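Single-letter residue listing:
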Amino acid sequence: MKELAKNDIFDAEIDGYSSDGSGVAHINGEAVFIPGVIMGERCRVRILKVGKNAAWGKAEEFTSPSPHRVAPDCGVFPKCGGCALRHMDYDEELRFKRRRVEDALRRIGGTDVRDVDLEYLRQHIGVVTQETYMFNGTIRENVVFGAEEDSEETVEDKRKTEE
């Protein structure tokens, strides 16, 4: 296998995400972090930097773009660096965030998400409620853990009463 070197170009499939939202591809057995890509996409990747255990690259061309790719709704994306996910639709953003939480629970908490007792969470955090909000000019519905329905009590108030 050829070692990765700066400015080499490879065809790659994005097979995961890093914690900051960059895509991860495995090229010649090495993890390559590529910002602005979506899991499942195939692209031509230029290697920008090669480290001891990983490399960083840039997508030069998308040979098979994701159906979750959208035009960013911000004129300064990605230059300002404030948002890393403006190139993906809301459903993919939620999948990314869910994987991030599941990974943290598994690695840090030692808990498999399938073992989480949702009824326990409902009793100690609050009921599941619906929330409507705008995202990219579209009205969305979201399930939220929070205070009792028709109550002004917040999650913070609930924690204080339990102490």
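The written sequence of each chain sets the order in which its residues are numbered from 1. For this predicted model, a pLDDT threshold of at least 70 governs which residues receive local features, and a threshold of 80 or more governs which side-chain atom pairs are given and counted, while totals over whole chains, interfaces and linings are taken from all residues. To obtain the side-chain values, all non-hydrogen atoms of the structure were used and water was disregarded.

With that settled, the discussion passes to the environment of alanine 59. Mapped onto the elements of the fold, alanine 59 is located in strand S5 (residues 54-64). The class for alanine 59 is buried, based on a relative accessible area of 19%. Residues alanine 59 and arginine 44 lie 15 residues apart in sequence; the distance between their C-alpha atoms is 5.8 Å. Helix and strand definitions follow DSSP, with helices as H or I runs of at least four residues and strands as E runs of at least two, each counted in order from the N terminus. Each residue is placed in one exposure class: buried if its accessible area under a 1.4 Å probe, protein chains only, is under 20% of its type's maximum, exposed if it is over 50%, and partly exposed if it falls in between.

The next point concerns the confidence of the model for the protein chain. Confidence scores per residue from the predictor, reported as pLDDT, run from 0 to 100. With 68% of its residues at a pLDDT of 70 or more, the protein chain has an overall mean of 79. Mean pLDDT values over the elements of the protein chain span from 48, in strand S6 (residues 128-135), up to 97, in strand S4 (residues 42-50). The criterion used for residue contact is that any of the two residues' heavy atoms lie within 4.5 Å. Scored below 50 in pLDDT, residues 145-156 shows 23 contacts in the model against residues more than four places distant or in partner chains.

The next subject is unusual backbone geometry. Omega for the peptide link from phenylalanine 77 to proline 78 comes to 0 degrees, which places this bond in the cis form. Here proline 78 shows up in the loop between S5 and helix H1 (90-107). The backbone of asparagine 7 shows a phi angle near 75 degrees, a positive value even though the residue is not glycine. Mapping asparagine 7 onto the fold places it in the segment before strand S1 (9-17). At asparagine 28, a position not held by glycine, the phi torsion is positive, near 50 degrees. Locating asparagine 28 in the fold gives a position in the loop between strand S2 (23-27) and strand S3 (30-34).

Take a side-chain nitrogen of Lys or Arg and a carboxyl oxygen of Asp or Glu: if they are within 4 Å of each other, that pair is a salt bridge. Scanning all chains against the criterion turns up nine salt bridges. A salt bridge links arginine 107 to aspartate 103; the shortest N-O distance between them is 2.8 Å. Of the two residues, arginine 107 and aspartate 103 are both situated in helix H1; the distance of four residues between them amounts to about one turn of the helix. Since its relative accessible area comes to 29%, aspartate 103 is described here as partly exposed.

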